[in-house]
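Fold and contact review
Here's the letter readout for the chains.
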Amino acid sequence: MHNDNDNANGTAGIDEFGALAAGTSQFITFFLAGTEYGIEIGRVREILRSLPITKVPRVRIHGVCNLRGEIVPVLDLLALFGMVEATRESWTGVIIVDVEGRKIGLVAERMSETLACTDPEIRPVPGSRIPTGFVRGLYAHEGRRVVVLNVDEILAEQELARLAI
Amino acid sequence: MAAPDLLPIFIVEGGELLAELDEHLLTLEEVPDDEEAVNLVFRVMHTFKGSSAAAELYRITDAAHTMEDALCEVRAGKRSATREMITDLLKGTDLLRAMLERVATGDTTLADVPGYDDVLARFAAKTEAPPAGPPQSGFEVEMRFQESMDAVAVQPEALIEELADLGELLSVDADISAVPPLADLDPYVMHVTWKVTLATTERAPAVNNVLMFVFVDNDISVRGLDRIPPKQRRPARVPANGEESKRRAIAPTPDATIRVDTSKLDQLLNDVGEVAIAVAQALAQLPRGETADTLERVNHGLQDSVMTLRLVPLRATLSPLKRVVRDLANSLGKDIDLVIVGAETELDKQLVEKLSGPLGHLVRNSVDHGLETPSARVAAGKPACGTVWIKALQRGGNVVIEVSDNGQGIDRDRVMAKALDRGLIDENATLSDAQVYDFLFHPGFSTAAKTTDVSGRGVGLDAVRRDVAGLGGRVDVSTQPGEGTTFSLVLPMTLAIVDGMAVRVGDQNMLIPMKSIVEQVRLDPERLTPAQGGLGELMEFRGALLPVTRLRQLLLVDDQGGSESESEPIAVVLEGHSGCFAAIVDGVVGEQQIVVKSLRKNFLDIRGFSGATILGDGRVSLILDPVALQELSVESLAH
């Protein structure tokens, strides 16, 4: 369904001057194992191209990195979802996500275009393999399908504790 | 119109004065009519009043003045510091605090402060009423015991305590003029004479009752008093050992302190941390000699000095909890004592401030849920008065703070039921005690039958755990149904700079805190013997047999760095919680000063590691936790 704010690129909510219409949110999107995921832009601290990672025993994460003096874990979302993880060689970036000062790095195979959309455009998705708490919904529009993640839930302590061996 | 440059100072100092005031008021409540306690309260109140006037916050000055007047009357003996009055005064400090907070938000007119008139009216009204003073009669008891007191095993202090139970001891004087010099002293002969002044509404028979066994053979005289002497000089009770003394002398010493902005301190700490790393790198390149040694020594000294700057005693956070307990216990009709041990234990200032939330919650939990009402306690055979303890101590590189109570404990079955109810576990799950009690920290979890204003809403314990984790610490709970519960907070002392030993485990470098290392020796296979029952190995060390932990196996480190025969394994003897043990590593790299970074802040709670550091080349290196390693080792053997 088109609304007035759609422009030719199909990015709803941004008018011809590039300004956000009211009620829209922006998401950083990236690909992982063929699926495009989106994270609310307010939660993304930065995106790093490559960085040395120190392996860490006893936890199912790729390791930790030194982010300007802070120790930040780097992990693959797929591990959290209980799915098969991406290989090291397939990453091109790490997205540093920040919730109330606590940070983790999520690996990405390929970065994608920023998404701007309104809340109603994110539809609930039934029967997904991903644990439902982690997903806000699915944005499907003109051939683009983005799984919008609920980062606050993902960064909840007990969820990450499950990665411990 | 307030004096602008004095305002920020008053806001900070005023807050501190009010905290002091609360403390002294609580002390006064324990020893009412004690001259020195009243004076302390009065002095602080007076200082506060003066400062508020200097800052031109006259509404505050007026309020303080009203309270000061009331205190004047207590000081003059016209009024007694009854529990009611203390409660009113505490409400007064709350009012002053509220006004101070208003000022901090920019409102210096302070018109329409809620409660202003009501709170202050309490003081005015009482001035007219006849003082509900101390009992109007009393007794003077003189006790002179027969010389050979061991014959009847008299205990004067027990008698004095019993007399104290009858009312209020106004004075206890010991006449030691008859005590001979030490050389001639026979400890079995009583030379001391006691004179006790007691204010009480009880009659003579009650007093005689206390003394009835000692009337015979001893020279005891009991004299009734019609008027209580107004000046009293001694405390009514001697503080027990270990209990925080209620009579800390707060003499106004000339100011030997200076205020420093914490941001300046942080910057200094940061810079010094960088220096530590830079010095480590430089030392690696300098030839050994005097210069290197001096540099190392001076650097060390610098780290130590700066480290202690940020450490402050826990007292500032712990003392206000006394008030919390008092008010809450009163409102719930419970009789509860708060005992603080180790208030002088030091912790990073930032941590101390951030602990007040979690500690407050745990204490309120104990008072609200843990401790029973007096009647329930008595019915259970416990003393009517319940106790909450806060014990703080340093253990290893951590500060441990325990909040315990001697209440009813946590009912494991109820927790299980609740977890079942919320779908967190299924029916057939068998869980250890630790796993069950862990549910308490689940968000929204509460086994309280109803939520009260205070707690029970279940938002508490998960917040406590999260807050403590954010500080790099953890919270544990242990409980005994019917006997009580203990919550333990374990926190790193500070984001410290410590001395470590870099070791190789597999293909990774890790660090071991020097203070845990007893010694390191080349691993001699001949010194190893299998332990009983095939559970692991033991190593002979200085005549003792130590349990052995092979770190590579234990920590599941991916082995990409050579097979066992290539490395020169070293046995590092470490001190754990329960004795020493030998940790086998694949090599020792060398000593290093490390700036410890917390892992827990960003969700990394990896058992076996207490933190991490950034090496000179920017890589991250993990720091081992010997106590946890010991536990892990024991657990792994059990499987």
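Residues numbered from 1 in each chain as written. Chains lettered and ligands numbered in written order. Predicted model: local features only at pLDDT ≥ 70, side-chain atom pairs only at ≥ 80, totals over all residues. Heavy atoms only, no water.

**Side note on the overall build of chain A**
Secondary structure summary: chain A contains three helices and 12 strands in total. Counting the 165 residues in chain A, one finds 52% classified as buried. When the accessible area of chain A is evaluated, it comes to approximately 8,100 Å², of which 50% is carbon and sulfur surface. (Helix = DSSP H or I, 4+ residues; strand = E, 2+ residues; numbered from the N terminus. Buried < 20%, exposed > 50% of the residue type's maximum accessible area, 1.4 Å probe, protein only. Areas by Shrake-Rupley, 256 points an atom, 1.4 Å probe, with all protein chains shown as cover.)

**Side note on the packing of aromatic side chains**
Residues and elements named next belong to chain B. Taken as a whole and judged by the stated rule, the model has three aromatic pairs over all chains. Aromatic side chains Phe-441 and Phe-487 sit 6.3 Å apart centroid to centroid with 85 degrees between the ring planes, which places their arrangement in the edge-to-face category. With Phe-441 in the loop between helix 15 (433–438) and helix 16 (460–470) and Phe-487 in strand 11 (residues 484–492), the pair connects residues that are 46 residues apart, well separated along the chain. Phe-487 shares its class with Phe-441; the two are buried. One residue, Arg-465, lies across the ring of Phe-441, its end atom 3.8 Å from the ring centre. (Phe/Tyr/Trp six-rings, centres within 6.5 Å; stacked < 30°, edge-to-face > 60°. Lys NZ or Arg CZ within 6 Å of the ring centre and 35° of its normal.)

**What about the interface of chain A and chain B?**
The parts lose accessible area when they come together, and the size of an interface is often stated as this lost area. Each side of the interface is counted separately: chain A has 24 residues, and chain B has 31 residues. Between chain A and chain B the total buried area reaches about 2,300 Å² when both faces are included, carbon and sulfur atoms providing 61% of it. It is Arg-58, Ile-71 and Arg-102 of chain A that lose the most area in chain A upon contact with chain B, and together they represent 33% of the buried surface on that side. Where chain A touches chain B, the interface holds one salt bridge. The salt bridge involving Lys-55 of chain A is made with Asp-507 of chain B; its shortest N-O contact spans 3.8 Å. Summed over the shared surface of chain A and chain B, the number is two residue pairs in polar contact (both at pLDDT 80 or more). Secondary structure elements with two or more residues in the side of chain A that touches chain B: strand 4 (63–67), strand 5 (70–75), strand 7 (102–108) and helix 3 (157–161) of chain A. Here the side of chain A that touches chain B takes four residues from strand 5 of chain A, the largest share from any one element. Grouping the amino acids of the side of chain A that touches chain B by side-chain chemistry returns 13 nonpolar, five polar and six charged. (Contact = heavy atoms within 4.5 Å. Buried area = accessible area lost by both parts, 1.4 Å probe. Salt bridge = Lys/Arg side-chain N within 4 Å of Asp/Glu carboxyl O. Polar contact = N/O pair within 3.5 Å; in protein donor to acceptor, adjacent residues only side chain to side chain. Nonpolar A, V, L, I, M, F, W, Y, C, P; charged D, E, K, R; others polar.)

**Some details on the sheet that holds strand 1 (residues 138–144) of chain B**
Backbone hydrogen bonds hold the strands of a sheet together, and the pairing may be parallel or antiparallel. Residue and element names in this part refer to chain B. Ordered in space as 2-3-1-4, the four strands form an open sheet in which the pairing is antiparallel. Of all strands in the sheet, those with a lone pairing partner are strand 2 (168–175) and strand 4 (219–225), marking the two edges. Averaged over all adjacent pairs, the angle separating strand axes in this sheet is 15 degrees, with direction ignored. Inspection of the sheet shows strand 2 paired to strand 3 (residues 193–199) by seven bridges, in the antiparallel sense. (Pairing = 2+ DSSP bridges. Axes fitted to C-alpha atoms, helices over the stretch in contact; angles between N-to-C directions.)

**Let's talk about helix 18 (residues 626–638) of chain B**
All names here are of chain B. Over its 13 residues, helix 18 extends 19 Å from the first C-alpha to the last, a length consistent with the 18 Å expected when each residue adds 1.5 Å. Among the residues making up helix 18, those that are buried are Pro-626, Ala-628, Leu-629, Gln-630, Leu-632 and Ser-633. Residues of helix 18 that are buried in the fold lie against strand 13 (508–513), strand 17 (544–550), helix 17 (551–554), strand 18 (570–576), strand 19 (579–585) and strand 22 (620–624). (Expected span 1.5 Å × (residues − 1).)

**A few points about the nonpolar core**
If you look at soluble globular proteins, the nonpolar side chains tend to sit buried side by side. Counting residues in each nonpolar core, the largest one holds 69 residues, and the members touching the most others are Tyr-37, Leu-77, Phe-81 and Leu-149 of chain A together with Leu-551 of chain B. Broken down by element, the residue count for this core peaks at five residues, all from strand 6 (residues 93–99) of chain A. Listed in part, the 44 residues of the second largest apolar core include Leu-338, Leu-347, Ile-390 and Val-477 of chain B. (Core = buried A, V, L, I, M, F, W, Y, C linked by side-chain atoms within 4.5 Å.)

**Things to note about a nonpolar patch on the surface**
Residues Ile-176, Val-179, Leu-182 and Leu-185 of chain B make up a contiguous nonpolar surface patch of about 380 Å² in total accessible area. The topology assignment puts Leu-185 of chain B in the loop between strand 2 and strand 3. (Patch = residues over 30% accessible without salt bridge, like charges linked within 9 Å, V, L, I, M, F, W, Y side chains within 5 Å.)

**Observations concerning the pattern of salt bridges**
All chains considered together, the criterion is met by 26 salt bridges over all chains. Of the charged contacts, one joins Glu-36 of chain A and Arg-144 of chain A as a salt bridge, the two residues approaching to 2.8 Å between their closest N and O atoms. Remark: Arg-144 of chain A occurs in strand 12 (residues 144–149) and Glu-36 of chain A occurs in strand 2 (residues 35–40); sequence separation between them is 108 residues. A single burial state applies to Glu-36 of chain A and to Arg-144 of chain A, both of which are buried. With its nearest N and O atoms 3.3 Å apart, the salt bridge here joins Asp-293 of chain B to Arg-288 of chain B. Residue Asp-293 of chain B is classed as partly exposed on the basis of its relative accessible area of 41%. By relative accessible area, Arg-288 of chain B is classed as exposed at 64%.

**With respect to the sheet that holds strand 7 of chain A**
All names here are of chain A. Across the sheet, which stays open at both edges, the five strands sit in the order 3-6-7-5-4 with mixed pairing between neighbours. The open sheet has two free edges, formed respectively by strand 3 (44–48) and strand 4, since each of these has just one partner strand. The mean inter-strand angle of the sheet, taken between neighbouring strand axes irrespective of direction, is 30 degrees. Direction of pairing for strand 3 relative to strand 6: antiparallel, over a ladder of four bridges. The residue of strand 6 that forms the bridge with Leu-48 is Val-94.

**What about the packing of helix 2 (residues 35–54) of chain B against helix 3 (residues 58–75) of chain B?**
Residue and element names in this part refer to chain B. As a packed pair, helix 2 and helix 3 sit with axes 9 Å apart at the nearest point and diverge in direction by 160 degrees. When the interaxial angle is binned, helix 2 and helix 3 end up roughly antiparallel. Handedness of the helix 2/helix 3 crossing: left-handed. On the side of helix 2, the interface is formed by Val-38, Asn-39, Val-41, Phe-42, Met-45, His-46, Phe-48, Lys-49, Ser-52 and Ala-53, while helix 3 contributes Tyr-58, Ile-60, Thr-61, Ala-64, His-65, Met-67, Glu-68, Leu-71, Cys-72, Val-74 and Arg-75. (Parallel < 35°, antiparallel > 145°, perpendicular 65-115°, else oblique. Left-handed = near helix turned anticlockwise from the far one by under 90°.)

**Here we look at a negative patch on the surface**
Residue and element names in this part refer to chain B. Negative charge collects at one region of the surface, where Glu-157, Glu-161, Glu-162 and Asp-165 lie side by side. Tracing the backbone through its elements, the reader meets Asp-165 in helix 6 (residues 156–166). Asp-165 sits in the exposed class, given a relative accessible area of 68%. (Lys, Arg positive; Asp, Glu negative; His and termini not counted. Charge placed at Lys NZ, Arg CZ, Asp CG, Glu CD.)

**Comments concerning the packing of helix 8 (residues 262–285) of chain B against helix 9 (residues 290–309) of chain B**
Residues and elements named next belong to chain B. Where helix 8 contacts helix 9, the axes come no closer than 10 Å and their chain directions differ by 155 degrees. On the basis of their axis angle, the class for helix 8 and helix 9 is roughly antiparallel. For the pair helix 8 and helix 9, the sense of crossing is left-handed. Facing Leu-265, Leu-268, Leu-269, Val-272, Val-275, Ala-276, Val-279 and Leu-283 of helix 8, the residues of helix 9 in contact are Ala-292, Leu-295, Glu-296, Asn-299, Leu-302, Gln-303, Val-306, Met-307 and Leu-309. The residue inventory of the contact of helix 8 with helix 9, partitioned by class, reads 14 nonpolar, two polar and one charged.

**Let's talk about the pairing of strand 2 of chain A**
All names here are of chain A. Where strand 1 (residues 24–32) and strand 2 come together, six bridges link them in antiparallel fashion. Residue pairing for strand 2: Phe-30 is matched across the bridge by Tyr-37. By the bridge criterion, three bridges tie strand 2 to strand 12 in an arrangement that is parallel. The residue bridging Gly-38 from the neighbouring strand is Val-148, located in strand 12.

**Section: the confidence of the model for chain B**
Residues and elements named next belong to chain B. Here chain B averages 79 in pLDDT, and 85% of its residues register 70 or above. Ignoring residues within four places in sequence, the model shows residues 126–136, a span with pLDDT below 50, making 19 contacts including any to other chains. Across residues 231–254 the pLDDT falls below 50, and counting only partners more than four positions away or on other chains, this stretch makes 36 contacts in the model. This prediction of the complex comes with two scores: 0.49 for pTM and 0.74 for ipTM. (pLDDT = per-residue confidence, 0-100.)

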